[in-house]
Amino acid sequence: VQLQASGGGLAQAGGSLRLSCAASGSHSSISNMGWSRQAPGKQRELVAIITSRGSPNYADSMKGRFTISRDNTKNTVYLQMNNLQLEDTGVYYCRALHSTTGRLYWGQGTQVTVSS
C-alpha cells in the first residue's frame, strides 16, 4: 500500500485547507484511513480516522473544525480543516490500516503552517 498526500500549505488563522491522500497498491485491503499530525517538538498525535463504511472519529480538539471524508471509488481520504489555529501547524500524515495484516501504513507527510 502506498499513500500519497497533498494539499498542505500556508493558511492564516481562521482560514481553511483541504488535505487529500490517495492510496495505491493493495488498496482494496484497506479498512480504516485517517490522519495524524506532528507539531514541532511534539509527538505525533491522531487527528481523525474514518472506517471503510464512512464512520468518522475525531480527536477532541479537532471536533467541529475538521471533517474527514472518504471516496472509496477513488481510494482517497480527505481532511477539510476549517477555522485553523496556530497550534494546527505541523506535518500531517495520512495513515491506512490493512484489514488482513493489521499493518499501519503511512504517507510521506504534508506540511501545514498557520500564521497569524
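Structural data are supplied above this passage.
Residues numbered from 1 in each chain as written. Predicted model: local features only at pLDDT ≥ 70, side-chain atom pairs only at ≥ 80, totals over all residues. Heavy atoms only, no water.

### Quick word on the overall build of the protein
Helix and strand content of the protein: zero helices and 11 strands. In terms of C-alpha radius of gyration, the protein reaches 13 Å, essentially the compact-globule figure of 13 Å for 116 residues. If one aligns the C-alpha atoms of the protein with their principal axes, the spans along those axes are about 45 × 25 × 20 Å. Within the span of the protein, comprising 116 residues, buried residues form 41% of the whole. Excluding contacts between residues fewer than 6 apart, the proportion of contacts in the protein whose partners are at least 24 apart in sequence is 52%. For the protein, the accessible surface area stands at approximately 6,000 Å², while carbon and sulfur atoms represent 45% of it. The averaged location of the 5 negative side-chain charges in the protein is 8 Å from the averaged location of its 11 positive side-chain charges. (Helix = DSSP H or I, 4+ residues; strand = E, 2+ residues; numbered from the N terminus. Rg over C-alpha atoms; globule rule 2.2 N^0.38 Å. Buried < 20%, exposed > 50% of the residue type's maximum accessible area, 1.4 Å probe, protein only. Contact = heavy atoms within 4.5 Å. Areas by Shrake-Rupley, 256 points an atom, 1.4 Å probe, with all protein chains shown as cover. Lys, Arg positive; Asp, Glu negative; His and termini not counted. Charge placed at Lys NZ, Arg CZ, Asp CG, Glu CD.)

### Focus on the sheet that holds strand β3 (residues 17–24)
Read from one edge of the open sheet, four strands run β1-β3-β8-β7, paired in antiparallel fashion. Of all the strands in the sheet, just β1 (2–6) and β7 (66–71) have a single pairing partner and so form its edges. With strand direction ignored, the average angle separating the axes of adjacent strands in the sheet is 15°. Sheet analysis places β7 next to strand β8 (residues 76–81), joined by six bridges and oriented antiparallel. If you follow Thr67 over to β8, its bridge partner there is Gln80. (Pairing = 2+ DSSP bridges. Axes fitted to C-alpha atoms, helices over the stretch in contact; angles between N-to-C directions.)

On their own, these measurements won't tell you what the molecule is for.
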